[in-house]
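Residues per chain, in single letters:
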Amino acid sequence: MNSQLLRQVDRATWSATLCIVVGWFFMATLVTTFGPVRHAYHFFDLLTVMRDPTWLLHGMGSSHPLEAIAFGLLNLAVVALPLVPYVHHTRSTWLLCAAPLALMLLCGIELCARTSGPYVEATGSGGALGDYIARLGNTVALRATASISRHISIGMGAYLSFIASVFLAVRGMREFRARADVLAPPASSPDSRQPGPRR
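Quick notes on the rules
Residues numbered from 1 in each chain as written. Predicted model: local features only at pLDDT ≥ 70, side-chain atom pairs only at ≥ 80, totals over all residues. Heavy atoms only, no water. Helix = DSSP H or I, 4+ residues; strand = E, 2+ residues; numbered from the N terminus. Expected span 1.5 Å × (residues − 1). Buried < 20%, exposed > 50% of the residue type's maximum accessible area, 1.4 Å probe, protein only. Polar contact = N/O pair within 3.5 Å; in protein donor to acceptor, adjacent residues only side chain to side chain. Pairing = 2+ DSSP bridges. Phe/Tyr/Trp six-rings, centres within 6.5 Å; stacked < 30°, edge-to-face > 60°. pLDDT = per-residue confidence, 0-100. Contact = heavy atoms within 4.5 Å. Axes fitted to C-alpha atoms, helices over the stretch in contact; angles between N-to-C directions. Parallel < 35°, antiparallel > 145°, perpendicular 65-115°, else oblique. Left-handed = near helix turned anticlockwise from the far one by under 90°. Nonpolar A, V, L, I, M, F, W, Y, C, P; charged D, E, K, R; others polar.

Chemist: Got a minute to help me understand helix 2 (residues 11–25) in this structure?
Modeler: Three or four residues apart is the spacing at which side chains of an α-helix point the same way, because the helix has 3.6 residues per turn. For helix 2, which comprises 15 residues, the first-to-last C-alpha distance of 21 Å matches the rise-based estimate of 21 Å (1.5 Å per residue) to within 8%. All of the buried residues along helix 2 are Thr13, Ala16, Thr17, Ile20, Gly23, Trp24 and Phe25. Its side-chain oxygen at 3.2 Å from the backbone nitrogen of Ala12, Asp10 defines the N-terminal cap of helix 2.

This is the structure we're talking about:
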């Protein structure tokens, strides 16, 4: 790593970045507990979970390593984005500090959408009976989901990385606004204006 970058980045940014790395890669983001059975999922596992939320029930095992590796590489790239303003000193690069928070929010919204939508779609070809069966199936599935959700909790990794992501996002927005104030031309005061000649 470039030693100049190490000197330019302040300790608070390094600490927040390290917290995100630890929270995403070394601590659990979601934890499923059914009696003695406990499944822990890291943040880089969320791509697999979002594709098929039923993995939360019985665990993923090691059947999806390529998805985890691909999403993990994307996570590393996103974690590195808040360091870009210290290399490229432009105002717009400070917006990249919000990238980790944006990724977490997008994953959370997508996961909620995947687990709260209708499970059985009514095609309309079955008539009233088909619609009734679809509604019945969705009612049973929603009740089962509500029961299962009690066994799913948010892990400490999610809390740690979320707090660090919020810190980086707020700091990036402050730097972005501060540089806008620096670039703005100073407003001329009314007292400094010379009166024009009177006719």
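Chemist: Before we go on, may I ask you to explain the pairing of strand 2 (residues 37–41) in this structure?
Modeler: Within a regular beta strand, the side chains point alternately toward one face of the sheet and then the other, so they alternate between its two faces. Examined bridge by bridge, strand 1 (residues 30–34) and strand 2 share five bridges and lie antiparallel to one another. Along strand 2, the bridge assignment pairs Thr33 with Arg38. Between strand 1 and strand 2, which pair antiparallel and follow one another directly, the connecting turn spans two residues, one of which, Gly35, has a positive phi of 65 degrees.

Chemist: Where do I start with the packing of aromatic side chains in this structure?
Modeler: Two measures describe an aromatic ring pair: the distance that separates the ring centres and the angle between the ring planes. As enumerated under the stated definition, the model contains four aromatic pairs in all. On the numbers, 5.8 Å between centres and 25 degrees between planes, the contact of Phe25 with Phe44 is stacked. In this pair, Phe25 sits in helix 2 while Phe44 sits in the loop between strand 2 and helix 3 (46–51), placing the two residues 19 residues apart along the sequence. Residue Phe25 is classed as buried on the basis of its relative accessible area of 18%. Assessed through its relative accessible area of 19%, Phe44 is described here as buried.

Chemist: Is there a simple way to think about the confidence of the model for the protein chain in this case?
Modeler: For any part of a model where pLDDT is low, the fine detail of the predicted coordinates should not be relied upon. On average, residues of the protein chain score 79 in pLDDT, and 66% of them reach the 70 mark or higher. When pLDDT is averaged over each helix and strand of the protein chain, the minimum, 54, is found for helix 7 (residues 127–149) and the maximum, 96, for helix 2. Here residues 118–123 is modelled with pLDDT under 50, and outside its nearest four sequence neighbours on either side it reaches eleven contacts, counting other chains as well.

Chemist: I keep staring at the packing of helix 2 against helix 5 (residues 65–80) and nothing clicks. Help me out?
Modeler: The packing of two helices is summarised by the inter-axis angle and the distance between the axes. The interhelical angle for the contact between helix 2 and helix 5, taken along N-to-C directions, is 165 degrees, at an axis separation of 10 Å. The pairing of helix 2 with helix 5 is recorded here as roughly antiparallel in orientation. For the element pair helix 2 and helix 5, the recorded crossing hand is right-handed. Every residue of helix 5 that contacts helix 2 at Thr17, Ile20, Val21, Trp24 and Phe25 is listed here: Gly72, Asn75, Leu76, Val78 and Val79. Split by residue class, the contact of helix 2 with helix 5 holds seven nonpolar, three polar and no charged.

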